[in-house]
Every structure is written in C-alpha cells, then in structure tokens.
Amino acid sequence: MALTHNLGFPRIGAHRELKFAQESYWQGDSTADSLNITASALRKRHLTLQHDSGLDWLPVGDFSFYDHVLDTSLLVGNIPSRYRAEQDNLSTLDQYFRIARGRAPQGTPAIAGEMTKWFDTNYHYIVPEFDHTTTFNLNASKLLAEIEEAKALGIAFKPVILGPLSYLYLGKCHSTDVDTLTWLDALLPVYERLLDRLQKAGIEWLQIDEPILALDLNKAWQGAFSRTYQRFAALEHTPKRLLTVYFGPLLNNLKTALALPVEGLHIDAVRGRAEIETVHAQWPVDKVLSLGVVDGRNIWRSDLNALLDLLEPFHEIRGDRLWLAPSCSLLHVPVSLQDELTLDPELKTWLAFATEKLAELDLLKRALQQGRTKVATELAQQAQAIAARRCSNRVTRADVQARVQALHRSPADAHLRAPYQVRAAAQRQRFALPLFPTTTIGSFPQTRDIRQARSRFKAGELEKAQYEAIMAEHIAYAVTAQERYGLDVLVHGEAERNDMVEYFGEQLDGYAFTRFGWVQSYGSRCVKPPIIYGDVARPNAMTVHWTTYAQSLTDKPMKGMLTGPITMLQWAFVRDDQPRRQTAEQIALALQDEIKDLEAAGIGMIQVDEPAFREGLPLRQQDWDDYLQWAVQAFRIATAQVRNDTQIHTHMCYSEFNDIMPAIAALDADVITIETSRSNMELLAAFTHFAYPNDIGPGVYDIHTPNLPTVERMVELMSLAAESIPVERLWVNPDCGLKTRRWEEVEPALVRMVEAAQMLRARAIHKAS
Ligand SMILES: Nc1nc2c(c(=O)[nH]1)N[C@@H](CNc1ccc(C(=O)N[C@@H](CCC(=O)N[C@@H](CCC(=O)N[C@@H](CCC(=O)O)C(=O)O)C(=O)O)C(=O)O)cc1)CN2
Ligand SMILES: [Zn+2]
C-alpha cells in the first residue's frame, strides 16, 4: 500500500488573500490580528483541501508571511546585527517584516535583507547573513503554533523545515570570504534542540528539505552532510527524518545521500528520472523511499499509465514504504484550475495545478493499491487527455517549424551587425547624448488607477476605447514627468502591461493565459506565468502602437521595451514536448519581427530585457555551455538584424554575473543596464575583470525599497564605476523597473539621479580640461 504526501502547498491563496491582507497591514489599514486571522484561515483551508484530496501526510510549517528561508533565520535566531537594536521594542511580526522589507508598521526604516532567486525558480528568498557576531538560538514558536493548529484539525501531518546545510549554503558572509559551512558547529545544537522538541510534541515524521543536494557540492559540504545527519540519528529524542531533495538529480551527491542515516529519502523523480532505478536498487527496503513523480515545476497532466509502469515493480517490493509526492513543493504552481472558466476547455484537460496534482497522486495510489482495473475509467480519462495533447493540431504549425529549420541552415542570421565600435560611432552621431546619459529601466508606477482600469476592462465594464484612452493618459503623464526630471532617454512606462511576460504571452499564438493562475514571486508580489502549449508565432505587432504614441509626445529618444526570449521562456510554464531551446528560437523569431517593426516605425533604441538570463542557467555546471550557447543565440536571433545606428539595450537584475561574463558579452547589446547598487558596485568587478566591451549602466539606486537615494551616494557609486570603466561607456539609471514604487517615491529619486549625472558631467569636463 503506497502512501502519498506533499512537500508544500502554495501559501498566497487561490485569490491572493494573503497578499491583500499583508499589504493592508503594511499600509497601516488593518491590525496584526486581522492578518493572523486571514493567515490561519488560509492554513486551515489548505490543510483541509489536501486532506480531502486523499493525501496521507500533509505538510505543516510551509506557510510563511513572507519567505520560508527568512522564517528559518528566525527559527534558529539568526538576526543580522543591523536589526538587533530595535528588536525588543517590536512585535515578532514587525521584527520579521522589518528584515524582509526594510519597513514595518512599527520601527524605523532599515536596509532590507538581500533578496535572491531560489534555485532556478522565479521565487525569491531573503538571504541569511552570517558574520563574527552571529549566534543561534532556537525560537520555534511559529512552527509549534502551526503544529498545534494542525493537531486541532485531527489530520496526519509532518512538519517541514529547511535543513541546516541548505540553510547555510544559501546564506552569505559579507565581511570576509569565509565559507558559510564555518557556522555549522554553532548551528547544529539548535537543530538538535528542535528535533528533541518536536519528538516530545508527538511528531512522528519530520520533513527536512536539503535541495542543495541537487547542486555541485564539494567534498567539504558532502562530508558535512554525513556528519550532520549522523548527529541527528544519534539523538535520544527525534522524529523520523524524511530527507527531501528536489530540483534535480543527485549525480555526484548520490553516494552521500544514500549513506545518510535517515528513515526516509525523497528524490525528484521528474528531473532525476534517470536515477530512480539506481536509488531503488541501493536504498534499503525497510526505509521509506519517496518518489516525486508529479512535476511540481510545471502544469502539465502526468502520464499516469507510464508512471504506473514504472512504479508497480517498486511497489511490489516496498509496499507502504513507497511514498508518492510531487517532485518539489507546490509553491511554484497555481492553486487550482477550478475557477478557470475562460480557459479553453480542451487545453484545460491537458493541465494540472496544485489541487489537480494532488488528485493525480491519489489516483496513482489507488491504482497501485487496488489494481489499474478498479480505476480504469479515471485512468482512461487521463490517458485520453494525454493522447489528445500529443496529437493535437493546435500544437504544431508548419510555418513556424519551417522558419526555425531555415534558421538552423543559416545561423549567420544572428551575426549581421557591424562590430560595436562601428555601431557606437553611428549611434553617437544619431543620438548626440551627453556623457553619463540618464535613463530608466522601463516601468513607471503601476498605480491603483491603472490596475483598476485594466481589471474593469477585463470584466467588460469598460469599452476597449475607454481603456485605451486611460492608458494613453498614463503614458503621456509618464513621458511628461520624465521630461520634467530632465532624463535623456525616455520610456513609455509600461502602463498597459499587467506583467512584462504575461503581456506578450497574451499577444502571441501558442500561448494561453489564466485568470487566477497566481504564483508567489516574492513577499506579497505574484505573477501569472502564461502557458506555452504550442508553436509560438506573432500574429500582429505588439508594442508599436504604444511606443510610437509615446515617441510622438517627445523629441527625446523613446526606448522601445520588449521582454527577451529567455525571460519569456523562464517565466512561463513551458511545453515539455520539445526541447526548451526550440521554444526559445520560436519566441526569438517573433521578437525579431517586432524589433524590425519598431525600427521601421522610427524607434531608434530598443531594450530587450533578459532579467531571467542567469536564472535559466542549469543548476549543474556540466550543463552550462549548452544552455549558454542557445540562450545567447536566441537573443541574437531577436536583435542582430537591426541597423547599426539602432541602439539595442538589455537589462538584467537579481543575478551574479561573474561566472557567465563571456556569454553576456556575446549578447553584444550596445548597452546593458544591471543591478549593482545593493552590492556597492561589487558586481561591476566582473565586468571590469572581463573587460566588458560595450556600454554599461550600473544601477545607482535600489528600487526595491521605498527609502530615497541621496545624490552623494549615487555620485559615489558612479565614481566607483568610473574607476574601472571609461566614462564614455557609462550610463546612469536605477537598478530595475519602477512599477512597484509610487510616484511620490519615483519623482524625488529621479530628480536626484539627474542631479547626480549633472555633477558627474561637470567633474568629467573639469578633469579633461
Ligand atoms: N513575471 C515576472 N517575474 C518577475 C518580475 C516581473 O516583473 N515579472 N520581476 C522580478 C520581481 N518579481 C515581481 C513579481 C511581481 C511583481 C508585481 O508587481 N506583481 C503584481 C501583479 C502584477 C499583475 O499581474 N497585475 C495585473 C492584476 C492587477 C490586480 O491585482 N488587479 C486587481 C484589481 C485592481 C485593484 O483593485 O487594485 C484584481 O485583479 O483584483 C494587472 O495589472 O492587470 C502584484 O503582485 O501585485 C513585481 C515584481 C522577478 N520576477
Ligand atoms: Zn530588473
């Protein structure tokens, strides 16, 4: 009798209930009590839903008010020194939000914890910080309270924690270059105390997430795994430990993992499909083997018959010690298909969101327990949807396939422009920009008015013409504002875009989009990743209308704004029936057409955003070259056919570029704007070291906080940049887009930024004479 369990459930709520409660609390519009009531109701609703889906073990502790890595920092009492002084005067909740966002309803503003990508997902976590003052001390109140809450529901559950090694590995030590493994000995007693507490609280199974076992680990880290888990096994009081690994195969960590003294091991049976047989052969049959067979990173229905072929022999041998689960936490998929009333009905049968994935697990379990014939009807339904998708003529398009084939025959199409120096000269002539030209990354505040207008338009309460008139007004406002601030290169502000990926997905063939397919990106911010189900093509121009409208309002250059092929891929749910590379090429061709149309319409500068370029990098180094080759190629397919005096910009953020500089240079954008302000231009070191050849705009202020940048600070940062990059190639811009900020924050910040650029120019001229 196989058992089923889940590693984690989306916490934001099917209708983003948590988001609205959080934001209302932050605004001072509601109390901590009311936030807690919403949170508690959501946790109960999610547990009940999972229980009703037939799961045997439910996750508890996967809920978070912001981020589960930050929760872990608080669980082990790791509060960075800059927050400590005010700790005692604040509620636990405000302490927490002050670290997460640099602000809480109570307490003074602080520098927020650094945020970075969780593995190769679009989820961001707050980076744990370690230094010589770091101490640990158990504070399990949140986890214990959630355990009590779950107990009251009378369901079988297992608490979930982030394992000590993954916790350390994901953290950073800023002061020196010390490996965070240094803190292991200090940290372990806290985990040991926690295990003891949990066992005494009656916990039978504890899920310990150690996803870093899917990364390239050196010997020191591998050795630390053995040491750590041996210590846990030696405890007098401890729950049984289910060690979970996800996001990839174990590869060179396989031996380490299989030797760990834990009662259960969970592996990612989707991305680690090739390892299942080996693990089954080597993992003792008297221990639990959990196979993550249902894809937690995508939304396609599983091929259950194929899975049963795989699982039946294992089940025969392992019985109830075979557990079935999603590959990873379901945090990365939307809650349910149930409310998707406008989604194409056929397409809908091809999909499974979190709730439907749990139903798949239950069906698998029943098929194993009772035999396939007992559940034949349900299995047949599933099989039919899979078969229909496989041979649907909505998926493939001969014209698109032929165009990609032609591309493979003449790859030179991606190398049509003159070298940078020649282009730069042509562009200097055309645009005559001052030294240190100022610009922004694209978006301006997505105000309540804008979002409300769009939501009314989508609900049919506004006519298209009315909606467009409102957008035109907001775009005009943004253009006028930028002229007032004195910026050199303007943008239209992206008012008409719900999201930089979804907006394009809505206009491309081969894409579908949902109404409530929300997935948490960070804190209260969510995205609705579009679904790429078929060959991608562009039926009509996508941005020409609004870009030329914006250009008509100003004599300054108006930068066209597109999302690059890799980001379009990375932030969507991608079809799994062809290599990702091929889908990227199709998107690149659609963008190529768009760029040509913009150019023909007189737009002289075009930005092709690739913030997810680094995120798309495979987790294992052995796979990097292949990815970088096709990712660069996709960008070049999109951009390399424009005139020499058309200026191509790109933008990247949230990334460390050190290890991929040659690929970034190979994109050969005329200008790259990057996030550097939070790392004190540290990032620029990579660009300098590599002698990055083209123009760079190192972001001079952090747009993720409401706190205002000072002129001095921006001048200082740019001066730092000027030490290593010739001033002729430097641009002045914020870190990233301004859509999450308010106009009251944007205005003074940009005025100061322009002032900083003017000071820099004056100094440069002074120096030269
Ligand atoms: N896809 C993606 N990933 C990304 C980024 C990004 O921009 N896009 N940026 C980085 C950081 N991540 C981010 C993710 C989301 C948001 C963000 O602002 N999201 C918005 C939602 C954006 C959106 O889809 N808006 C829709 C729906 C807006 C809405 O909530 N409307 C209300 C009604 C309006 C109202 O009364 O306020 C409703 O439907 O209920 C629209 O504008 O049309 C949010 O959570 O609030 C920002 C950054 C990395 N990853
Ligand atoms: Zn950005």
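An unreviewed UniProt entry annotates the protein as 5-methyltetrahydropteroyltriglutamate--homocysteine methyltransferase of Saccharospirillum mangrovi. Quoted straight from UniProt, the Pathway (unreviewed entry) entry for the protein says "Amino-acid biosynthesis; L-methionine biosynthesis via de novo pathway; L-methionine from L-homocysteine (MetE route): step 1/1."

Asker: Break down the coordination of the zinc ion (ligand 2) for me, citing the residues and quoting the values.
Answerer: Around the zinc ion (ligand 2), the protein contributes the donor atoms His 651 (NE2), Cys 653 (SG) and Cys 736 (SG), which lie 2.1 to 2.4 Å from the metal centre. Each donor residue of the zinc ion (ligand 2) lies on one chain, and together they are spaced H-x1-C-x82-C. With respect to class, His 651 is no different from Cys 653; both count as buried.

Asker: Describe the nonpolar core, naming the residues involved and giving the relevant values.
Answerer: Phe 65, Phe 97, Phe 613, Phe 687, Tyr 701 and Leu 750 are the most contacted members of the largest nonpolar core, which has 134 residues in total. Formed by 113 residues, the second largest nonpolar core is a distinct cluster that contains Phe 119, Tyr 125, Leu 188 and Leu 330.

Asker: Hey, could you go over the packing of aromatic side chains for me, with residue numbers and the actual values?
Answerer: By the definition in use, this model includes 28 aromatic pairs. When the ring of Phe 613 is compared with that of Tyr 627, the centres are 6.2 Å apart and the planes differ by 50°; the resulting orientation is tilted. A residue pair is termed long-range when its members are at least 10 positions apart, and Phe 613 in the loop between strand 18 (605–609) and helix 24 (624–639) and Tyr 627 in helix 24 qualify at 14 residues. Of the two residues examined, Phe 613 and Tyr 627, each falls in the buried class. Over the ring of Trp 518 we find Arg 16, and its NZ or CZ is 3.5 Å from the ring centre. Sitting above the plane of the Trp 518 ring, Lys 528 keeps its charged end 4.7 Å from the centroid.

Asker: I'd like a rundown of the site of ligand 1, residues and numbers included.
Answerer: In the vicinity of ligand 1 lie 25 residues, with Lys 19, Asn 122, Arg 454, Asp 499 and Lys 739 positioned nearest. With respect to ligand 1, the side chain of Arg 16 contributes an N or O atom lying 2.9 Å from an oxygen atom. Contact distances for ligand 1 include 2.6 Å between a nitrogen atom and a side-chain N or O atom of Asp 499. When ligand 1 sits alone it has 980 Å² of accessible area, and the protein chains cover 85% of it.

Asker: Tell me what's going on with the sheet that holds strand 18, and back it up with residues and numbers.
Answerer: If you walk across this open sheet you meet the five strands as 17-18-19-20-21, and the pairing is parallel. Either end of the sheet is taken by a strand with one partner, and the two such strands are strand 17 (559–563) and strand 21 (695–698). Between one strand and the next, the sheet's axes are offset by a mean angle of 20°, whatever the strand orientation.

Asker: Describe the pattern of salt bridges, naming the residues involved and giving the relevant values.
Answerer: Two side chains with opposite charge may pair up if their charged atoms get near one another. The tally for this structure, following the rule as stated, stands at 55 salt bridges. Residue Arg 397 pairs with Asp 399 through a salt bridge whose shortest N-O separation is 2.8 Å. Using a relative accessible area of 45% as the deciding quantity, one classes Asp 399 as partly exposed. Between Asp 593 and Arg 403 there is a salt bridge whose closest N-O contact spans 2.8 Å. One end of the pair, Asp 593, is in helix 23 (residues 580–600); the other, Arg 403, is in helix 16 (residues 398–409), and 190 residues separate them in sequence. Overall, Asp 593 belongs to the partly exposed group, its relative accessible area being 22%.

Asker: Hey, could you go over the sheet that holds strand 6 (residues 157–162) for me, with residue numbers and the actual values?
Answerer: With respect to topology, eight strands assemble into an open sheet ordered 1-12-11-10-9-8-6-2, the strand pairing being parallel. Two strands bound the open sheet, and with one partner strand each, they are strand 1 (3–4) and strand 2 (58–60). Inspection of the sheet shows strand 9 (residues 240–244) paired to strand 10 (residues 264–268) by three bridges, in the parallel sense. Looking at strand 10, one finds that Leu 242 is bridged to Gly 264.

Asker: Now, about the UniProt feature "binding site: 5-methyltetrahydropteroyltri-L-glutamate" (unreviewed entry) in the protein: what can you tell me, with residues and values included?
Answerer: Annotation from UniProt places "binding site: 5-methyltetrahydropteroyltri-L-glutamate" (unreviewed entry) at Arg 16, Glu 17, Leu 18, Lys 19, Lys 117, Arg 525, Cys 526, Trp 571 and Glu 615. With a sequence span of 600 residues, these residues are also far apart in the fold, their greatest C-alpha distance being 28.1 Å. By the element assignment, Glu 17 lies in helix 1 (residues 17–26). When sequence neighbours within four positions are dropped, the list of residues in contact with Glu 17 reads Ile 12, Thr 38, Leu 42 and Arg 45. From its side chain, Glu 17 meets the backbone nitrogen of His 15 in a polar contact 3.0 Å long. Along the chain, the position of Arg 525 falls in strand 15 (residues 525–527). Relative accessible area serves as the criterion here: at 28%, Arg 525 is assigned to the partly exposed category. If we skip the residues at most four places from it in the chain, Arg 525 touches Val 519, Gln 520 and Thr 740.

Criteria and thresholds
Residues numbered from 1 in each chain as written. Chains lettered and ligands numbered in written order. Predicted model: local features only at pLDDT ≥ 70, side-chain atom pairs only at ≥ 80, totals over all residues. Heavy atoms only, no water. UniProt positions renumbered as here; feature names shortened; annotations may be inferred. Donors = N, O, S within 2.8 Å, 3.2 Å for Na, K, Ca; no water. Buried < 20%, exposed > 50% of the residue type's maximum accessible area, 1.4 Å probe, protein only. Core = buried A, V, L, I, M, F, W, Y, C linked by side-chain atoms within 4.5 Å. Phe/Tyr/Trp six-rings, centres within 6.5 Å; stacked < 30°, edge-to-face > 60°. Helix = DSSP H or I, 4+ residues; strand = E, 2+ residues; numbered from the N terminus. Lys NZ or Arg CZ within 6 Å of the ring centre and 35° of its normal. Near = heavy atom within 4 Å. Polar contact = N/O pair within 3.5 Å; in protein donor to acceptor, adjacent residues only side chain to side chain. Areas by Shrake-Rupley, 256 points an atom, 1.4 Å probe, with all protein chains shown as cover. Pairing = 2+ DSSP bridges. Axes fitted to C-alpha atoms, helices over the stretch in contact; angles between N-to-C directions. Salt bridge = Lys/Arg side-chain N within 4 Å of Asp/Glu carboxyl O. Contact = heavy atoms within 4.5 Å.

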